[in-house]
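Chain residues, written in single-letter form:
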Amino acid sequence: MDFVSLFITDFIAQLQSPTLAFLIGGMIIAALGSELVIPESICTIIVFMLLTKIGLTGGIAIRNSNLLDMVLPALFAVITGIGVVFIARYTLAKLPKVRTVDAIATGGLFGAVSGSTMAAGLTVLEEQKIPFEAWTGALYPFMDIPALVTAIVVANIYLNKRKLKESGDSAMQESFSKQAVAAGDYPTTRQEYLSQQKDPGENKVKIWPIIEESLRGPALSAMLLGLALGLFTQPESVYKSFYDPAFRGLLSILMLVMGMEAWSRVGELRKVAQWYVVYSVIAPFIHGLIAFGLGMIAHYTMNFSMGGVVVLAVIASSSSDISGPPTLRAGIPSANPSAYIGASTAIGTPVAIGLCIPFFVGLAQAIGG
Amino acid sequence: MDFVSLFITDFIAQLQSPTLAFLIGGMIIAALGSELVIPESICTIIVFMLLTKIGLTGGIAIRNSNLLDMVLPALFAVITGIGVVFIARYTLAKLPKVRTVDAIATGGLFGAVSGSTMAAGLTVLEEQKIPFEAWTGALYPFMDIPALVTAIVVANIYLNKRKLKESGDSAMQESFSKQAVAAGDYPTTRQEYLSQQKDPGENKVKIWPIIEESLRGPALSAMLLGLALGLFTQPESVYKSFYDPAFRGLLSILMLVMGMEAWSRVGELRKVAQWYVVYSVIAPFIHGLIAFGLGMIAHYTMNFSMGGVVVLAVIASSSSDISGPPTLRAGIPSANPSAYIGASTAIGTPVAIGLCIPFFVGLAQAIGG
Amino acid sequence: MDFVSLFITDFIAQLQSPTLAFLIGGMIIAALGSELVIPESICTIIVFMLLTKIGLTGGIAIRNSNLLDMVLPALFAVITGIGVVFIARYTLAKLPKVRTVDAIATGGLFGAVSGSTMAAGLTVLEEQKIPFEAWTGALYPFMDIPALVTAIVVANIYLNKRKLKESGDSAMQESFSKQAVAAGDYPTTRQEYLSQQKDPGENKVKIWPIIEESLRGPALSAMLLGLALGLFTQPESVYKSFYDPAFRGLLSILMLVMGMEAWSRVGELRKVAQWYVVYSVIAPFIHGLIAFGLGMIAHYTMNFSMGGVVVLAVIASSSSDISGPPTLRAGIPSANPSAYIGASTAIGTPVAIGLCIPFFVGLAQAIGG
């Protein structure tokens, strides 16, 4: 009883934190038809600054801390990233009117990490004065890249298998294609065209190019640049005078934009199977709870802080908004972007920021307190 | 004599304040042909941040203050906003070569409020260390919306009357149209076309859509969002670390842009009747003095601060630069935008910022000191 | 030995300073194929803010200092700016496969000043706690404008001489043209066309329009605006709350952009004679050393600070990236922009920032210490 009341009090208090308030404010003014627009170039530079700052924090922290402490949390991040894809493969993909490739791509996006959600989580922890290891931001790529790689590999294995089956059942092929279209399937011609170009030996998915593309994306580039600068140079002066003080303010603008964006994408969801809506609401909690549980193991064995456990849970509950979509579009061209981007931006992200962050912070405080 | 010398000393000192200095600097470098350009997206985000900050200030202040104190100043703001339109209707509109609809639209724009002018006024008051109620920024919509609504309603009533008269005098109609064109009138076909579409019963102007459109504009949206966040959430951390410290600096950039913009619009004034120039120079003082007088009533009866009186006068002397023009363009499509936007941007705004702010600050100090 | 070891230690330490680290970071992530992009509008506003801040600093400093102290450094700045062009005229232009007009334009660009390089130099001096006169930023136009004017005048004198010679040797003209093209020359038709339009009396180059165009460019406009505001108004409040604290952080973003830009321009260098590469590496050191030597004269005679000597050397080693190229393009239309912009952006600027700044700071510390 004490646990529940503590949790609820905390949950409500957090909705008043500037970070969550701006997100909800953005959704409300978008719903009221506001013509407010934050220019694209401003969003780009804000994302750059937030992720560079997270990278710098991580780099400076790693320089001054024991690298061994990171091993277990990083391993759990990898496990969560991979696990999320398989969860989608064996739950979402089995639901009616959901195409398997779309489900795998959605799993990849929900396994990948959103820099803004992580930034929001770190800020709420600071606002609530819950300590956490400063290097936890550096866990980002350990969950992000494995999720994207797994999704692309799993999708391609599935597509190749189906292709082989189709070749074998050439007599049934035509009727199958018609059925697929009738079932709301995205035209598979592009993928088929690509497959025909390759001979069977080339059908193995190359993993390194996917990793390379993830690392080159603007979000991870900025974060890794910050990490490297934090590790190998002395950026403290510019960190303290610029990146750190601007962080919360810039985040508030980005939260507003994400709130407005979420509202404007709601319409897209009507075009896809309603199971995406159910998945997008539930999955962030499931993923976060898995990571929270794994984080608790690190908490008891390696003295990983409760704040760090929350960070791990928050990045698990987040779904990628910047680096993920283009990587998936290139890696699984036959998946329908409306399905996975709509589910992630319109529901997954607001749920992760507005509900999961307060939920996991409350959970940590109720357990820790 | 003491009053006058006090006033003049103060006036000159204020021209050296960064806010006014950047405005004048912008006009000078534009006049010298500088190729300096501040990107559009930067101006957009600056306006957003200034108005969000004004809204946050107001919201936090209202939360901690007696709402009753606001009633009289808010009422006076409404009265001024409506009054300004009728002044234009019965002075500017009667002048030779001035079309009545253009005059009403101009009155609407000068009655509406400029967020940047208000921001400049608040900053000069702070620079001069004159205290004022923190919620005065929240008076903005109480003057802005009534002015725009009144202008659109008055213009449509006028246009309907003229239409009825024209229908009655159908014999004279053709020669009238020719006279109108000869007198430099803007083609009235679009308005006539719109009128023909409606039957007489629909000619009543609907007020709610005008209010709704005003509230949805980017300037008011940002301000009301800030107000709501200030009232209902705890934005203090982000306010103190971001919106408040950046305010003056961002304003200095915006003042520079407005100075350059004013200079570049001077050319447009040549295309319209010269009475607009006379009006744009005198009106900000008249409007400000009316509001200043009303504010003094609140000062003596309700203990409204002298700084608050100046804020009321400054928002009355300002003319809308962001939210006003599109609302008027939609509400009075037959009015000529060159007339009202040129008059406001090229003369009204620099007069309000560069002359009226120092004038009313000086007046308040001379009366108060 | 002590001198050399002091110098090397200092050099390495400076590469870890945020300013240089971000430059090198930018080159590295561009080399690794990062898709990170900093929007154009952000770069524009950063350059505006940096140069306005340098101008404000200079203006406030000049207001509070002895103007006579500036005379000798300003004179040396003019001498260096002019000298650099003549060095290019009599070294680079004599090298094989280098067109004389291209060499003169390159000299103009290397004689002109880069605001970002100067900002980086000032920041490194502050980071190393080396004192310098606050007005040294105001030396910028004293070197920049003479270099551009000299380059355009020298180029036009050269082109007129060649034109006269060509007219005299009309029999040889056709074969000469063919030789020129064979030698990798840029088509001279545009220049010839322009010359034909003018009668010989008009062939004198007008100096004032070149100066005027330099002053109107966005970089010098912003700096001179800041200078005037610093001199004649009271911008201290906005300077301390906005322009000064944001300086280093904004510079770090700009350094990143310049690093990425340098890498992306390397390809252009393949199209021009390789002597440009040699020149771009050596010239910044030579130009800086000349200015450093002249600065030492001011150090011993007028008590000009060692930090000031470094600033003079740094602006001499820099090459213009914003105001220079368009001025030269208009002033010497027959010169090939790929030659001078490629050499400057891809090599000259990174050498000046990444090597010359640490070199001259180290030199000053080794001499002074």
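Residues numbered from 1 in each chain as written. Chains lettered and ligands numbered in written order. Predicted model: local features only at pLDDT ≥ 70, side-chain atom pairs only at ≥ 80, totals over all residues. Heavy atoms only, no water.

Attention now moves to the relation of the copies chain B and chain C. For the match of chain B to chain C, the screw axis carries a shift of 0.1 Å, the RMSD comes to 0.0 Å, and the turn is 120 degrees. Interpreted geometrically, this transformation is the action of a three-fold axis. When each C-alpha of chain B is compared by its distance to the rotation axis, B:Ser41 comes out closest, at 4.2 Å. Of all interface residues in chain B, a mere 8% are interface residues in chain C too; the two copies therefore contact each other through different surfaces. (Least-squares fit on C-alpha atoms with pLDDT ≥ 70 in both. Contact = heavy atoms within 4.5 Å.)

Time to look at the packing of aromatic side chains. If you walk through the whole model with that rule in mind, you get 21 aromatic pairs over all chains. A centroid spacing of 5.1 Å and a plane angle of 75 degrees characterise the contact between C:Phe110 and C:Tyr279, whose relative ring orientation is edge-to-face. Placement of the pair is C:Phe110 in helix α5 (residues 100-111) and C:Tyr279 in helix α13 (residues 275-302), with a sequence separation of 169 residues. In this pair, the class of C:Phe110 matches that of C:Tyr279, namely buried. Here B:Lys53 stacks its cationic end above the ring of B:Phe247, 4.3 Å away from the centre of that ring. In this structure, B:Arg89 packs its charged tip against the face of B:Tyr90, placed 5.3 Å from the ring centre. (Phe/Tyr/Trp six-rings, centres within 6.5 Å; stacked < 30°, edge-to-face > 60°. Helix = DSSP H or I, 4+ residues; strand = E, 2+ residues; numbered from the N terminus. Buried < 20%, exposed > 50% of the residue type's maximum accessible area, 1.4 Å probe, protein only. Lys NZ or Arg CZ within 6 Å of the ring centre and 35° of its normal.)

Next up on the list: the UniProt feature "transmembrane region" (unreviewed entry) in chain A. Residues and elements named next belong to chain A. Residues given the UniProt feature "transmembrane region" (unreviewed entry) here are residues 20-38, 45-64, 70-92, 104-125, 137-159, 275-294 and 339-367. As annotated, residues 20-38 comprises 63% helix and 0% strand, and the C-alpha atoms at either end are separated by 18 Å. Counted over residues 137-159, helix gives 87% and strand 0%. Its end C-alpha atoms are 35 Å apart. (UniProt positions renumbered as here; feature names shortened; annotations may be inferred.)

All names here are of chain B. Two numbers describe how helix α5 (residues 100-111) lies on helix α16 (residues 337-368): the axes approach to 8 Å, and their chain directions differ by 40 degrees. Classified by the interaxial angle, the pair formed by α5 and α16 is oblique. The interaxial crossing formed by α5 with α16 has right-handed handedness. Judged by residue contacts, Asp 102, Ala 105, Thr 106, Leu 109 and Phe 110 of α5 engage Ala 339, Tyr 340, Ile 341, Ala 343, Ser 344 and Gly 348 from α16. The residue inventory of the contact of α5 with α16, partitioned by class, reads seven nonpolar, three polar and one charged. (Axes fitted to C-alpha atoms, helices over the stretch in contact; angles between N-to-C directions. Parallel < 35°, antiparallel > 145°, perpendicular 65-115°, else oblique. Left-handed = near helix turned anticlockwise from the far one by under 90°. Nonpolar A, V, L, I, M, F, W, Y, C, P; charged D, E, K, R; others polar.)

Looking now at the interface of chain B and chain C. Contact residues are listed per partner, giving 25 residues for chain B and 23 residues for chain C. When chain B packs against chain C, close to 1,900 Å² is buried across both sides, 71% of that on carbon and sulfur atoms. If you look at where chain B meets chain C, you find zero salt bridges. If you look at where chain B meets chain C, you find eight residue pairs in polar contact (both at pLDDT 80 or more). For the side of chain B that touches chain C, the elements supplying multiple residues, two or more each, are α2 (18-31), α3 (40-63) and α12 (236-269) of chain B. Broken down by element, the side of chain B that touches chain C gets its largest block of residues, eight residues, from α12(B). A per-class count over the side of chain B that touches chain C returns 15 nonpolar, seven polar and three charged. (Buried area = accessible area lost by both parts, 1.4 Å probe. Salt bridge = Lys/Arg side-chain N within 4 Å of Asp/Glu carboxyl O. Polar contact = N/O pair within 3.5 Å; in protein donor to acceptor, adjacent residues only side chain to side chain.)

Residue and element names in this part refer to chain C. In this structure the tally under the stated criterion is 15 salt bridges over all chains. A salt bridge links Asp 244 to Lys 53; the nearest nitrogen and oxygen atoms lie 3.6 Å apart. Taken together, the residues Asp 244 in helix α12 (residues 236-269) and Lys 53 in helix α3 (residues 40-63) connect sequence positions 191 residues apart. You can call Lys 53 buried: its relative accessible area is 6%. Arg 63 is the partner of Glu 236 in a salt bridge, and the nearest nitrogen-oxygen pair spans 2.3 Å.

Let us now look at unusual backbone geometry. Residue A:Asn303 is not a glycine yet carries a positive backbone phi of 65 degrees. Take A:Asn303: it is sitting in the loop between α13 (275-302) and α14 (306-317). One non-glycine residue, C:Lys97, lies in positive phi territory at about 65 degrees. Relative to the helices and strands, C:Lys97 is located in the loop between α4 (68-90) and α5. When its relative accessible area of 74% is taken as the criterion, C:Lys97 is described as exposed.

The next subject is the nonpolar core. In terms of nonpolar packing, the biggest core is built from 373 residues, with A:Phe48, A:Phe292, B:Phe48, B:Phe292, C:Phe48 and C:Phe292 touching the most fellow members. When near neighbours in sequence (up to four residues on either side) are disregarded, A:Phe48 contacts A:Ala222, A:Tyr243, C:Leu36, C:Ile38, C:Ile253 and C:Leu256. (Core = buried A, V, L, I, M, F, W, Y, C linked by side-chain atoms within 4.5 Å.)

Residues and elements named next belong to chain A. Chain-level statistics for chain A give a pLDDT mean of 85 and a share of 89% at 70 or above. Helix α9 (residues 189-197) is the least confidently modelled element of chain A, averaging 42 in pLDDT, while α14 averages 96, the highest of any element. Here residues 173-202 is a poorly scored stretch, pLDDT under 50, and it has 23 contacts once near neighbours within four places are set aside; other chains count. (pLDDT = per-residue confidence, 0-100.)

This paragraph deals with the packing of α4(C) against α5(C). Residues and elements named next belong to chain C. Two elements in contact, α4 and α5, have axes whose closest approach is 8 Å; the angle formed by their N-to-C orientations is 150 degrees. With respect to α5, the element α4 is oriented roughly antiparallel. With respect to the hand of their crossing, α4 and α5 are arranged in right-handed fashion. Note on element contacts: α5 touches α4 through Thr 100, Ala 103, Ile 104, Gly 107, Gly 108, Phe 110 and Gly 111, opposite Gly 81, Val 84, Val 85, Ala 88 and Arg 89. Split into classes, the residues belonging to the contact of α4 with α5 amount to six nonpolar, five polar and one charged.

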